[in-house]
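Listed below, chain by chain, are the residues.
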Amino acid sequence: MDLIIKNGTIVTQAESYMADIGVIDGKIVAIGTGFSEEGAKVVDAYGKLVLPGAIDAHTHLAMPFGGTVSADSYLAGTRAAACGGVTTVFDYPMQRKGYGIIETVKGRKEICDPEACVDYAFHCCITDLNGGAILDEFKDAVDYGVTSFKCFLVYKKEGMMVDDATLVKIMLKAKEVGAITNIHAENPDLIDLNIEKFLKEGKTSPWYHYLSRPEYVEAEADKRAVHLAKSMEVPLYLVHMADKEGLEAAIAAKIDGHDIYIETCPQYLEFTCDVYKREDGRNFVCSPPMKNQESQDALWKAIKTGVIDTVATDHCPFQSYEKDWGKDDFTKIPNGCAGVENLYPYMLSAANEGKITFNRAVELCSSNPAKIFGCSQKGSIVVGKDADIVIYDPNKDFTISVENMHSDYDHTIWEGKKLHGYPVQTYVRGNLVYDNGDFVGKAGFGQFVKREKRK
């Protein structure tokens, strides 16, 4: 064997047990005890948890937005991912008018290939059907390994929004070819109405970013997307769910047997809209914004009861000076926050504190995203799967700071957050990429994940 991880407690979505793991050529080949150690690198994980690597199903790396580009390149973002126990990231290439899906994805893949430090996959954002030609390309995209398409119900001025008719066409075609549609749900007209009112009144602080996109603005779009998915009998994945009312509508549809999945993010589980009253409130500006305590409580309840399917980050950081563009006008603040390095440590710390089980953390961050998005070789510690493995020390205390993160941004909303328990090693396909605080991988090691279509 190339690698043996022994004496640790293996944690899956369903069970926890002590056993050794044997790896050959990046694959898990045996789980048990008594392996021959001849020629193998042997790692003693006694007293530690051995977990499948996390899958961050929602990142925006090197993304042009808000007059700039998100602060993390594919190199910086995937390096940070490795150091947080994330072994696969999903990015969102943006298809534009006149461009095809595969053309768009290949363009981003060419940038990502020499930079990626962990494995990666793509959802493709659809912004224009190009007279229907894009729909004809859906099957080819699925064959290429892209089995999810995203629609924005907002960002009209930025040319990213689709109308309801376009949305339905995309959802129906996605189902036909074995793909799923991801939705960013907010109501753009209500946002515009609120922004116009606040600017006229001279209300321009970050607090009004929240008030321009409050609970009902997201809820209306959540409910509309759920209603259309139910009516058309198509699968739907709601990204970054943040509000109670929309959450309840999605849960009700799930309970009724509809093929609907719910993602939320750590920032909505940790912060409320009160952050926008802080002096550094502009740093927390993202869309949708953090909501009220009632919504946060509802999200945690859904996490605990199993009706939220995944936790991902919507990682899209910007530099402080860029956030400062909106110091006196919230509409000029680039929308987005950091998170890819904090996802797994945050959810595992919640497990360590007893909020959820470690099995549930693995389900939310690894096995469910693998299952939903067709990553057949990822998401669990099973013979035959990729040896994407995280060794986690439940007794290690860690305080998040921009100084100990591995991204290229100059600040983090997680500054000062104390975690109990922290990853100490990350392996991608059996290769050590993170070791006790240090990135030890290399750019270009990450591989494109060709995903299986939905049955």
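Structure: see above.
Criteria and thresholds
- Residues numbered from 1 in each chain as written.
- Predicted model: local features only at pLDDT ≥ 70, side-chain atom pairs only at ≥ 80, totals over all residues.
- Heavy atoms only, no water.
- Core = buried A, V, L, I, M, F, W, Y, C linked by side-chain atoms within 4.5 Å.
- Buried < 20%, exposed > 50% of the residue type's maximum accessible area, 1.4 Å probe, protein only.
- Contact = heavy atoms within 4.5 Å.
- Helix = DSSP H or I, 4+ residues; strand = E, 2+ residues; numbered from the N terminus.
- Pairing = 2+ DSSP bridges.
- Axes fitted to C-alpha atoms, helices over the stretch in contact; angles between N-to-C directions.
- Parallel < 35°, antiparallel > 145°, perpendicular 65-115°, else oblique.
- Left-handed = near helix turned anticlockwise from the far one by under 90°.
- Nonpolar A, V, L, I, M, F, W, Y, C, P; charged D, E, K, R; others polar.
- Phe/Tyr/Trp six-rings, centres within 6.5 Å; stacked < 30°, edge-to-face > 60°.

**Quick notes on the nonpolar core**
- Core analysis: the largest hydrophobic core is formed by 141 residues, its most contacted members being Phe-138, Phe-149, Tyr-276 and Met-347.
- Ignoring anything within four residues of it in the chain, the contact list for Tyr-276 reads Pro-206, Trp-207, His-209, Tyr-210, Gly-281, Phe-284, Val-285, Cys-286, Pro-289 and Met-290.
- Among the nonpolar cores identified, the runner-up in size contains 16 residues, and Ala-19, Ile-21, Ile-381 and Tyr-427 belong to it.

**Considerations on unusual backbone geometry**
- Note that the residue after Ser-287, namely Pro-288, is joined by a cis bond; omega there is 0°.
- Residue Asn-7 is not a glycine yet carries a positive backbone phi of 70°.
- Note that Asn-7 resides in strand β1 (residues 3-11).
- Assessed through its relative accessible area of 30%, Asn-7 is described here as partly exposed.

**Examining the pairing of strand β9 (residues 86-91)**
- Of all the six residues making up β9, six are buried; the element is thus mostly covered by neighbouring parts of the structure.
- In this sheet, β9 lies alongside strand β6 (residues 54-59) in parallel orientation, the contact comprising four bridges. Across the sheet, residue Asp-56 finds its bridge partner in β9, namely Val-89.

**Some thoughts on the packing of helix α5 (residues 164-177) against helix α8 (residues 215-232)**
- The contact between α5 and α8 brings their axes to 11 Å, and the two run at 45°. Considering their axes alone, α5 and α8 lie oblique with respect to each other. The crossing of α5 and α8 is right-handed. Contact residues: Asp-164, Leu-167, Val-168, Met-171 and Leu-172 in α5; Arg-224, Ala-225, Leu-228, Ala-229 and Met-232 in α8.
- Of the residues contributing to the contact of α5 with α8, the split by class is eight nonpolar, no polar and two charged.

**Here we look at the environment of Asn-130**
- Secondary-structure assignment places Asn-130 in the loop between β11 (124-125) and α3 (133-136).
- Ignoring anything within four residues of it in the chain, the contact list for Asn-130 reads Gln-95, Arg-96, Lys-97, Gly-98 and Tyr-99.

**Details of the environment of Tyr-208**
- When you line up the elements, Tyr-208 lands in helix α7 (residues 207-212).
- Taking C-alpha positions, Tyr-208 is 8.9 Å from Asn-194, a pair spaced 14 residues apart along the chain.
- Leave out the neighbours within four places in its chain, and Tyr-208 touches Phe-198, Lys-203 and Phe-330.

**Quick notes on the packing of aromatic side chains**
- Applying the stated criterion to the full structure yields 17 aromatic pairs.
- Measuring from centroid to centroid gives 5.7 Å for Phe-152 and Tyr-155, while their planes differ by 65°, and the two rings are edge-to-face. Of the two residues examined, Phe-152 and Tyr-155, each falls in the buried class.
- When the centroid spacing of 4.8 Å and the interplanar angle of 65° are considered together, the rings of Tyr-237 and Phe-373 count as edge-to-face.

**Overview of the sheet that holds strand β16 (residues 310-311)**
- In spatial order, the strands read β11-β12-β13-β14-β15-β16; together these six strands make up an open sheet with parallel pairing. The strands lining the two open edges of the sheet, one partner per strand, are β11 and β16.
- Across two bridges, strand β15 (residues 260-264) lies against β16 in parallel orientation. Each residue of the ladder has a partner; that of Thr-264, found in β16, is Val-311.

**A word on the environment of Phe-271**
- Note on placement: Phe-271 falls in the loop between α10 (266-270) and α11 (293-305).
- Of the residues examined, Phe-271 reaches a relative accessible area of 12% and is grouped as buried.
- Along the primary structure Phe-271 and Gln-293 are separated by 22 residues, whereas in three dimensions their C-alpha atoms are 8.7 Å apart.

Distances and angles like these do not, on their own, reveal function.
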